[in-house]
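Survey of secondary and tertiary structure
Spelled out, the chains give:
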Amino acid sequence: MFNNDILPIVYQQGSLGASGDLAPLAHMSLPLIGLGEVLYKGRVRPSEEVWKEMGWEPITLQSKEGLALLNGTQFMSAHAIWCLIQCHRLSEWADKIGAMSLEAYDGRIEPFLPLTHVLRPHRGQIDTAERFRRILEGSELMNRPKEHVQDPYSFRCIPQVHGAVKDNCRYVESVIENEINSATDNPNIFPDEDMIISAGNFHGEPIAIPMDTLAIAMSELANISERRIFRLISGQRGLPKFLVANPGLNSGFMIPQYTAASIVSQNKGLCWPASVDSIPSSQGQEDHVSMGSNSATKLVRVVENCETVLAIELFNAAQALDFRHRETGFKSSAAIEEIFTEYRKSVPFIENDQYMHPLIMKSIEFIR
């Protein structure tokens, strides 16, 4: 199936995150015995039809094999792995985009200097500050004299917030890496010891709680991003209100900020931890479950929402940086100017109001 790109149709709902991901993994495994549905050549089809086309015979399961296919945390773990890959990518982009916003807002470099972070040596905080110094090295805009003494928290506290997200990603990654290299089957068979042990390795709690915390972390990455968007359109520090090039009938970047605010608000609802819930099942035998599959599927939504908000921040930051270039004649760092130049090949400076949804989608594609 894998070699021929025949993919089982697996549904999002139905797992309690204990006894393994029974319902989703059943759908994943049904095609092996000629049941269920598969995605093949762009169409959803009964697996039985595809088997006949391929000249295959369904597998006949032997003792324990049905349980082995179902009693595991692979549905939860797969979602977690995909999300972690995206989280590392988005965390990196949040630093680059945040640095562009800092430049466009005429922010200060002092909150990123090492002395402060030695006093509170969280690894993510130190790494973020160092990364910003590297990204902004050689910037004419950053090195020019500043009139203001300090920046709003959404800029000044980037090392603390982005850093906390990095630390959480590292922690969750260590948990998930442990999980995907573990046996989550039940019962476990130990032939050398001549023992069959029915225990609880199928229970999703060890990864359900970390997935809930990762959702919180990514929600915060989006949250602080939206606050920077808000600052960029607020008409402060020489930037025009709503980043409007031609004032009057044009409303500029007002609505993209609305959109980001709406998405951030949705994330807050999605961050209610699924792992604090439990509903008994199986006539009370399964009297405590992790609901980790719900942690997993809503984590995907939070991560995708975070990507969209960061793309909207980039959309705003590039517009604001264009204004800053024109006002001062100064350039940002080589790293920021390279991103800016590449981005402008996809998304232009907005002179007059236009349909912005395609440009937001191009921004998302750019950071992908």
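Whatever comes next refers back to the structure up there.
This text gives an overview of the structure that appears in the document.

Parameters at a glance
- Residues numbered from 1 in each chain as written.
- Predicted model: local features only at pLDDT ≥ 70, side-chain atom pairs only at ≥ 80, totals over all residues.
- Heavy atoms only, no water.
- Helix = DSSP H or I, 4+ residues; strand = E, 2+ residues; numbered from the N terminus.
- Buried < 20%, exposed > 50% of the residue type's maximum accessible area, 1.4 Å probe, protein only.
- Contact = heavy atoms within 4.5 Å.
- Areas by Shrake-Rupley, 256 points an atom, 1.4 Å probe, with all protein chains shown as cover.
- Lys, Arg positive; Asp, Glu negative; His and termini not counted.
- Charge placed at Lys NZ, Arg CZ, Asp CG, Glu CD.
- Pairing = 2+ DSSP bridges.
- Axes fitted to C-alpha atoms, helices over the stretch in contact; angles between N-to-C directions.
- Salt bridge = Lys/Arg side-chain N within 4 Å of Asp/Glu carboxyl O.
- Polar contact = N/O pair within 3.5 Å; in protein donor to acceptor, adjacent residues only side chain to side chain.
- Expected span 1.5 Å × (residues − 1).
- Arc of directions from axis to C-beta.
- Parallel < 35°, antiparallel > 145°, perpendicular 65-115°, else oblique.
- Nonpolar A, V, L, I, M, F, W, Y, C, P; charged D, E, K, R; others polar.

A separate point is the overall build of the chain. Helix and strand content of the chain: 14 helices and five strands. Structurally, the chain occupies a C-alpha span of about 75 × 50 × 35 Å along its principal axes. Expressed as a percentage of its 368 residues, the buried residues of the chain come to 48%. Excluding contacts between residues fewer than 6 apart, the proportion of contacts in the chain whose partners are at least 24 apart in sequence is 79%. Total accessible area on the chain stands at roughly 18,200 Å², and carbon and sulfur atoms take up 55% of it. Here the chain holds 33 positive side-chain charges and 45 negative ones, and the gap between their average locations is 10 Å.

With respect to topology, three strands assemble into an open sheet ordered β1-β2-β3, the strand pairing being antiparallel. The open sheet has two edge strands, β1 (7–8) and β3 (43–46), and neither has a second partner. Seen against the sheet, helix α2 (residues 47–54) touches β2 (37–40) and β3 and runs at an angle of roughly 90 degrees to β3.

This brings us to the pattern of salt bridges. Inspection of every chain in the model, using the stated rule, returns 23 salt bridges. The partner of arginine 131 in a salt bridge is aspartate 95, and the shortest N-O contact between them spans 3.2 Å. Within this pair, whereas arginine 131 is found in helix α6 (residues 123–135), its partner aspartate 95 is found in helix α4 (residues 74–104), the two being separated by 36 residues in sequence. Its relative accessible area of 15% is what places arginine 131 among the buried residues. The class for aspartate 95 is buried, based on a relative accessible area of 0%. A salt bridge links glutamate 110 to arginine 108, with the nearest nitrogen and oxygen atoms 3.0 Å apart. With relative accessibility at 38%, the residue glutamate 110 sits in the partly exposed group. A single network of salt bridges, built from pairs that share partners, joins Glu92, Asp95, Lys96, Arg131 and Lys166.

With that settled, the discussion passes to the side chain of glutamate 307. Position of glutamate 307 relative to the elements: it lies in helix α12 (residues 292–328). Looking at glutamate 307, its side chain comes within polar contact range of the side chain of arginine 89, at 2.7 Å. In this structure glutamate 307 touches Arg89, Leu90, Ile364, Ile367 and Arg368, once residues within four positions along its chain are discounted.

With that out of the way, let us pick up helix α11 (residues 254–270). Think of an α-helix as 3.6 residues a turn; residues three or four steps apart then line up on the same face. For α11, spanning 17 residues, the distance from its first C-alpha to its last is 25 Å, which sits close to the expected 24 Å at 1.5 Å a residue. Those residues of α11 lying buried are Pro256, Gln257, Ala260, Ile263, Val264, Asn267 and Leu270. Along the long axis of α11, the arc covered by the buried residues comes to 135 degrees, so they all point the same way. Across from the buried face of α11, at angles greater than 90 degrees, the exposed residues are Lys268 and Gly269.

Within the span of helix α1 (residues 22–29), buried status applies to Pro24, Leu25 and Ser29. Buried residues of α1, viewed axially, fall in a sector of 135 degrees; they line one side. Along its buried surface, α1 packs onto α3 (65–70) and α4.

On to the environment of glycine 14. Here glycine 14 lies in the loop between β1 and α1. Under the relative-accessibility criterion, glycine 14 is labelled exposed at 56%. Along the chain, glycine 14 and leucine 25 lie eleven residues apart, while their C-alpha atoms are 9.9 Å from each other. Once residues lying within four places of it in the same chain are set aside, the contact partners of glycine 14 are Ala23 and Pro24.

Look at the link from asparagine 186 to proline 187: it is a cis peptide, with omega at -10 degrees. By secondary structure assignment, the location of proline 187 is in the loop between α9 (158–180) and β4 (188–190). In this structure, arginine 237 takes a positive phi of about 55 degrees despite not being glycine. The backbone of glutamine 283 sits at a positive phi, close to 55 degrees, despite the residue not being glycine. Relative to the helices and strands, glutamine 283 resides in the loop between α11 and α12.

On to the packing of α12 against helix α13 (residues 334–344). At their nearest, the axes of α12 and α13 sit 11 Å apart, and the two run at 110 degrees to each other. One way to sum up the angle between α12 and α13 is to call them roughly perpendicular. Residue-level inspection shows Leu314, Phe315, Ala318, Gln319, Leu321, Asp322 and His325 of α12 in contact with α13, the latter providing Ile336, Glu337, Phe340, Tyr343 and Arg344. Broken down by class, the residue content of the contact of α12 with α13 amounts to seven nonpolar, two polar and three charged.

Remember that the coordinates give geometry; whether it matters functionally is a separate question.
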